[in-house]
Amino acid sequence: MTNNTLNKRLVSIDILRGLVIVIMLIDHARERFFLHHQVADPMDIQTTDPTLFFTRLLAHFCAPIFIFLTGLSAFLYQNPFNQPQRAVQSFLLKRGALLILLEMTIINFSWFAAYNTLYLQVMWAIGVSMISLAVLSYLPRIWLIGLGIAIVFGHNALSPVTFLPDEMGYTLWTILHDRGYLLTDGFIKIKASYPVLPWIGVIVLGYVSGPLFTKSVDVATRQKTLIAGGIACLICLCILRSLNVYGEAIDWQIQDTLVMSVMSFLNYTKYPPSLPFLLFTLGAGALLLAYLENAQGKVSEVLRTFGSVPLFFYIVHLYVLLLSYFVLFQIFGPTLHFGANNTPYLAFPNIELIWLTAAVLTGLLYKPCKAFAKFKHHSELRWVKYL
């Protein structure tokens, strides 16, 4: 394999990561400026406008693809091109711990500074998944394949298992499978919003997919394998969803209109991510990864830049959104009073403004991300590599 082929392989991973980051920005703009039209999980298709439904649906791709790519990247770190194998456990432990720390501090502050609740969300889930992979990576690859498949396909069968808050096992089960409050008394409440068990399965599957991206596999074989895997996921999804046999608490039903019927079919549970949710997002992700193998052009360059500095983008975009909200609030004032406390709130009147805001912020973030990517790739400072 030539260096050019290797670079194209790595570029496709960065481009896909960058794409889901931009989609995440759209969803977070919705969370910041469209909270008065909050959506349930799964969404209520009778009350959710189709434009809002599909905007939220698009965001479903972010966490599964990003966590899958995290596992894949861990394997590539462990097995660098034309270099000796490196220990991946320390890499995963340190970065996982850093993500958990960031979740509990500057990330939570950007969202919930005025509240006394600590929310353990997506960065928490990624961090715990990385630490779990550090431990599991000692297992033989065939065991990891079986474990990843068993978790992704089997965790919905555990839904009947529940614990009351005063029962032994409640805290662990809430972290693993049932979102809920870990601490309700005292100055700070703690809520596990992202149950981590399914995400551990996803990161493991990403890790065991790593050999597909090594120098021993040519581009055509890799693309065929990704396409076959993506199609297999989507076929399995169609079978399960059509028959309403497993994975979702709310059955799919034919509605009065075609759009509503499609919304019903695609309305999946995210917390924790159901099997249909993961088949849909990871299947589409595999197809995208195959397609992006040959991606070129300015858009690919922009997405590649974002995908090369994901943590930097994540932290900066949260505070850019926060600052944007405060600036606009000072200029226009509140447009409504919202929530149980009748809090004054600046709300956008339509979802199109959310997309426009995300497009503007994407443009504004490109130069800083490009500058940081250049700095990161040439810096000898160890802390920079963590970003």
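Refer to the preceding data block for the structure.
Residues numbered from 1 in each chain as written. Predicted model: local features only at pLDDT ≥ 70, side-chain atom pairs only at ≥ 80, totals over all residues. Heavy atoms only, no water.

### With respect to the overall build of the protein
Rules: Runs of H or I in DSSP of at least four residues are treated as helices and runs of E of at least two as strands, each being numbered from the N terminus. To sort residues, take the accessible area from a 1.4 Å probe on protein chains only and compare it with the maximum for the residue type: under 20% means buried, over 50% means exposed, and anything in between is partly exposed. The contact rule is simple, with two residues in contact once any of their heavy atoms fall within 4.5 Å. Note on areas: these come from Shrake-Rupley sampling with a 1.4 Å probe, and a residue is covered only by the protein chains present in the view. Charged residues are defined here as Lys and Arg on the positive side and Asp and Glu on the negative side; His and the ends of the chain fall outside this count. Where a charge lies is defined by one atom per residue type: Lys uses NZ, Arg uses CZ, Asp uses CG and Glu uses CD.
Counting its regular elements, the protein contains 15 helices and five strands. Counting over 387 residues, the protein shows a buried share of 51%. Counting contacts in the protein only where the partners sit at least 6 residues apart, residues at least 24 apart contribute 72% of the total. Looking at the protein as shown, the accessible area adds up to about 18600 Å², and 67% of this sits on carbon and sulfur atoms. The distance from the centre of the 26 positive side-chain charges to the centre of the 19 negative ones in the protein is 16 Å.

### Remarks on the side chain of N267
Mapped onto the elements, N267 comes out in the loop between α10 (258-265) and α11 (275-291). The residues touching N267, leaving out its near neighbours within four places in the chain, are P42, M43, I45, F53, R241 and E248.

### Considerations on unusual backbone geometry
Excluding glycine, most residues fall at negative phi; most peptide bonds, likewise, are trans. Residue P42 follows D41 across a cis peptide bond; omega there is -10°. Here P42 is to be found in the loop between α1 (3-33) and α2 (50-59). With omega at -5°, the peptide bond leading from Y271 into P272 counts as cis. Tracing the backbone shows P272 in the loop between α10 and α11. Unlike most non-glycine residues, N244 shows phi in positive territory, near 50°. In this fold, N244 is placed in the loop between α9 (219-243) and α10. Classification of N244 by relative accessible area gives partly exposed; the value is 26%.

### A closer look at the pattern of salt bridges
The following threshold applies: We define a salt bridge as a contact between a side-chain nitrogen of Lys or Arg and a carboxyl oxygen of Asp or Glu at a distance within 4 Å.
With the rule as written, the count across this model stands at five salt bridges. Notably, a salt bridge pairs R56 with D27, separated by 2.9 Å at the nearest N-O pair. Placement of R56 in helix α2 and of D27 in helix α1 is noted, with a sequence separation of 29 residues between them. We note that R56, like D27, is buried. A salt bridge links E293 to R222; its shortest N-O distance comes to 3.1 Å. Taken as a pair, E293 in the loop between α11 and α12 (298-308) and R222 in helix α9 lie far apart in primary sequence, 71 residues in all.

### Side note on the pairing of strand β1 (residues 117-120)
The test is simple: Pairing between strands requires that DSSP locate at least two bridges from one strand to the other.
Taking every second residue as pointing to the same face, both faces of β1 are buried, with T117 and Y119 on one and L118 and L120 on the other. Two strands pair when backbone bridges link them, and β1 and strand β3 (residues 189-192) are joined in this way by four bridges, in the parallel orientation. Residue pairing across strands places T117 opposite K189, the latter belonging to β3.

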